[in-house]
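# Survey of secondary and tertiary structure
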Amino acid sequence: MTRSDLVEELASRFSQLTHRDAEYAVKTILDAMSEALVRGHRIEIRGFGSFSINRRPPRMGRNPRSGESVHIPEKRVPHFKPGKALREAVDQRTAEIEAQGGKR
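Only a predicted model underlies this, so the values are computations on that prediction, with no experimental measurement involved.

## Some words on a nonpolar patch on the surface
- A cluster of nonpolar residues, Ile45, Phe48 and Phe80, forms a patch on the protein surface that exposes about 230 Å² of accessible area.
- With respect to the helices, strands and loops of the structure, Phe80 is situated in strand S5 (residues 75-82).

The structure is reproduced here in structure tokens:
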């Protein structure tokens, strides 16, 4: 699902929202989440999962073309951990689809 798919789904589920309002709502939520992660905060959405920042330490890598050693600096990357309810829902729905004889 893309961001525009999410906007479309939100606009179709809530008829009182215009497409522009749905787009603004999605943008506002994603911006708030991004800003919280940048500040080092953890985001937890009950029944869905949590977002946090993982630190990747600096290391030595290798340039595949020349074989030369290259220093790779420390990075901070977002990490998502699905919640129990999401894991169970995905597992159950996947099992139902497979039982019907096909994958999506």
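What follows continues from the structure just given.
## A short note on the sheet that holds strand S1 (residues 43-45)
- Sheet architecture is open: three strands sit in the order S1-S2-S5, paired in antiparallel fashion. Either end of the sheet is taken by a strand with one partner, and the two such strands are S1 and S5. When the angles between neighbouring strand axes are averaged without regard to direction, this sheet yields 25 degrees.
- With eight bridges connecting them, strand S2 (residues 49-56) and S5 associate as antiparallel partners. Directly across from Ile53, in S5, lies its bridge partner Pro78.

## Some details on the packing of helix H1 (residues 3-13) against helix H2 (residues 19-38)
- Taken N-terminus to C-terminus, the directions of H1 and H2 make an angle of 125 degrees; their axes are 9 Å apart at the nearest point. On the basis of their axis angle, the class for H1 and H2 is oblique. H1 and H2 meet at a crossing whose hand is right-handed. Contacts between H1 and H2 involve Arg3, Leu6, Val7, Glu8, Leu10 and Ala11 from the former and His19, Ala22, Glu23, Ala25, Val26, Lys27 and Leu30 from the latter.
- Residues of the contact of H1 with H2, tallied by class, amount to eight nonpolar, one polar and four charged.

## Points about the nonpolar core
- In this structure, Met33, Ala36, Leu37, Ile43 and Phe51 together form the largest nonpolar core, which totals five residues.
- Among the elements that line this core, the one with the most residues is H2, at three residues.
- Filtering out sequence-adjacent residues up to four positions away, Ala36 remains in contact with His41 and Ile43.

## Brief notes about the pattern of salt bridges
- The tally for this structure, following the rule as stated, stands at eight salt bridges.
- The partner of Glu35 in a salt bridge is Arg39, with the nearest N and O atoms 3.8 Å apart.
- According to the relative accessible area criterion, Glu35 is partly exposed, its value standing at 41%.
- Glu74 is the partner of Arg55 in a salt bridge, and the nearest nitrogen-oxygen pair spans 2.1 Å. Of this pair, Arg55 sits in strand S2 while Glu74 is found in the loop between strand S4 (69-72) and S5, placing the two residues 19 residues apart along the sequence.
- Overall, the relative accessible area of 31% leaves Glu74 in the partly exposed class.
- The network of salt bridges with shared partners includes Arg42, Glu44 and Arg46.

The rules behind the values
- Residues numbered from 1 in each chain as written.
- Predicted model: local features only at pLDDT ≥ 70, side-chain atom pairs only at ≥ 80, totals over all residues.
- Heavy atoms only, no water.
- Patch = residues over 30% accessible without salt bridge, like charges linked within 9 Å, V, L, I, M, F, W, Y side chains within 5 Å.
- Areas by Shrake-Rupley, 256 points an atom, 1.4 Å probe, with all protein chains shown as cover.
- Salt bridge = Lys/Arg side-chain N within 4 Å of Asp/Glu carboxyl O.
- Helix = DSSP H or I, 4+ residues; strand = E, 2+ residues; numbered from the N terminus.
- Pairing = 2+ DSSP bridges.
- Axes fitted to C-alpha atoms, helices over the stretch in contact; angles between N-to-C directions.
- Parallel < 35°, antiparallel > 145°, perpendicular 65-115°, else oblique.
- Left-handed = near helix turned anticlockwise from the far one by under 90°.
- Contact = heavy atoms within 4.5 Å.
- Nonpolar A, V, L, I, M, F, W, Y, C, P; charged D, E, K, R; others polar.
- Core = buried A, V, L, I, M, F, W, Y, C linked by side-chain atoms within 4.5 Å.
- Buried < 20%, exposed > 50% of the residue type's maximum accessible area, 1.4 Å probe, protein only.

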